[in-house]
Amino acid sequence: GLPINRRPTALAAGFPFVFLTFYIHAISPLDEAATLRWTGLIVGAASAMATFGSAFWGNLTDRFSPKTLFERGILSHVILVALMGFVTDLRLLLGIRILQGFLGGISTIGLIIVSTVSTEEQLARRMGMYQSALTMGQIFSPPLGAMAAATLGFRGAFLASSLMLLTIFVFCQWGLSPLPPQPRRAANDRVPRQALWLAWAVAFAGTIQIVFLPSVLPTILRDFGVPDSQRLVTAGTIVFAYGASAAAGAYGLSRIAGRVPPERLVLASALGASVFQVLLFVGGGPITFTLIRMAQTALAAGIFPLILAQIAARSQGATIGLINTARFAGNAAGPVIATFVLAHSNLLSLYLILGAGLAAAALGHHLGVRYSSRIR
């Protein structure tokens, strides 16, 4: 087995994922449009800062043990998640989320560990397993978090999440296998810059499609006519359902990567996800909407591990960290784009923008890979 299991960490870190947006609405003294903008900023702030810090954390692995870096990231989340339960000012909440993002970098370290202990033949499958394990942790946390907030209140739910992270920190102290600092690769072994940025773009656009929805779910459920008393649990259930399909898609697509050229698999997955993204508009109720969303995320979730498997075999820690910034940047941009577009337009415009963005990025990546193979 791999020396790291991301599922418990993702479960604890994703615990506030759904109820955070409802918490912001509960403490906000502002009108609906302003609250939507603040929601996008607060939800996306941690990922925005992690975007800048991911390559930095990856670069540190040539000087420090990945295990040590991993544990420090968890401990920072223990403290900051607990603090969020006592904050009722939107500006302070935003500040905590910014600090939380900068002190993160956990998933980058995990990716480095997976790439280090895997052969090139194992890499796509293990990256898919990693992504699937991360997603599996995340899909159990939204309904649990929603139920915790409904039962314990928002503060109690934040503290429960912090306690779960503290338990994981203790486990890592005793159970996580040590790994020495990772040596740098020679310059001629590195991935060409053009290929790196094309891969980054499609991973970024695919991540946006996966993460944008929770920030606008309160508005969508209101338009569906879901009663106020049922919206929180309904939101958790929807996120749980499409999270399960995302985990299955990430694992399933990585399993067939050896039989289908990866660049074709990335293109097909991205174009399919873009079509289903636009079809979300015809989901007239929670059930139909959820089924379409499940198909969309199953395709979109396979993009990142496929992209990373192509890059990681020839990469050092900083390069893996850079590719991982695509996920962080997508996590940050998704809520901001979704809330901004919805505050100024409508859901159809939002779905069209997200669908076109992923399709364009995937086509660019596919053409770039074909061009690079011709000039070798």
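Residues numbered from 1 in each chain as written. Predicted model: local features only at pLDDT ≥ 70, side-chain atom pairs only at ≥ 80, totals over all residues. Heavy atoms only, no water.

### Remarks on the overall build of the protein
A count of helical and extended segments in the protein gives 15 helices and zero strands. The 376 residues of the protein split such that 56% are buried. Across the protein, the fraction of contacts at a sequence separation of at least 24, relative to all contacts at a separation of at least 6, is 85%. Total accessible area on the protein stands at roughly 15600 Å², and carbon and sulfur atoms take up 65% of it. (Helix = DSSP H or I, 4+ residues; strand = E, 2+ residues; numbered from the N terminus. Buried < 20%, exposed > 50% of the residue type's maximum accessible area, 1.4 Å probe, protein only. Contact = heavy atoms within 4.5 Å. Areas by Shrake-Rupley, 256 points an atom, 1.4 Å probe, with all protein chains shown as cover.)

### Here's the deal with the packing of helix H2 (residues 19-27) against helix H5 (residues 90-102)
Orientation of H2 relative to H5, taken along the N-to-C sense of each, is 155°, at an axis distance of 11 Å. In terms of orientation, H2 lies roughly antiparallel with respect to H5. Taking contact as the criterion, the partners of Leu20, Tyr23, Ile24 and Ile27 in H2 are, on H5, Leu90, Leu93 and Arg97. Taken together, the residues that form the contact of H2 with H5 break down as six nonpolar, no polar and one charged. (Axes fitted to C-alpha atoms, helices over the stretch in contact; angles between N-to-C directions. Parallel < 35°, antiparallel > 145°, perpendicular 65-115°, else oblique. Nonpolar A, V, L, I, M, F, W, Y, C, P; charged D, E, K, R; others polar.)

### A short note on a nonpolar patch on the surface
A contiguous nonpolar surface patch, about 730 Å² in accessible area, is contributed by Leu75, Ile79, Leu83, Leu163, Leu166, Val170 and Trp174. Taken together, the elements giving at least two residues each to the nonpolar patch come down to helix H4 (66-84) and helix H7 (120-175). The biggest single contributor to the nonpolar patch is H7, with four residues. Within the secondary structure, leucine 166 is located in helix H7. (Patch = residues over 30% accessible without salt bridge, like charges linked within 9 Å, V, L, I, M, F, W, Y side chains within 5 Å. Salt bridge = Lys/Arg side-chain N within 4 Å of Asp/Glu carboxyl O.)

### Considering the pattern of salt bridges
For the structure on display, the rule yields three salt bridges. Here arginine 222 makes a salt bridge to aspartate 223, at a shortest N to O gap of 3.6 Å. Note that arginine 231 and aspartate 228 form a salt bridge whose closest N and O atoms lie 2.9 Å from each other. Note that arginine 231 and aspartate 228 are positioned in helix H10 (residues 228-255) at a spacing of three residues, about one turn of the helix. A relative accessible area of 18% means that arginine 231 is categorised as buried.

### Examining helix H3 (residues 32-60)
The α-helix winds at 3.6 residues per turn, so residues separated by three or four positions along the chain end up facing the same way. Between its first and last C-alpha, H3 extends 42 Å over 29 residues, near the 42 Å set by a 1.5 Å rise per residue. In this structure aspartate 31 caps H3, since a side-chain oxygen of it lies 3.4 Å from the backbone nitrogen of alanine 33. (Expected span 1.5 Å × (residues − 1). Polar contact = N/O pair within 3.5 Å; in protein donor to acceptor, adjacent residues only side chain to side chain.)

### Details of the side chain of threonine 339
With respect to the helices and strands, threonine 339 occurs in helix H14 (residues 317-344). Here the side chain of threonine 339 touches proline 335 through a polar contact of 2.7 Å, landing on its backbone oxygen. Side-chain polar atoms of threonine 339 contact the backbone oxygen of valine 336, separated by 3.2 Å. Look past the residues within four positions of threonine 339 in its chain and what remains in contact with it is Leu36, Gly40, Ser215 and Val216.

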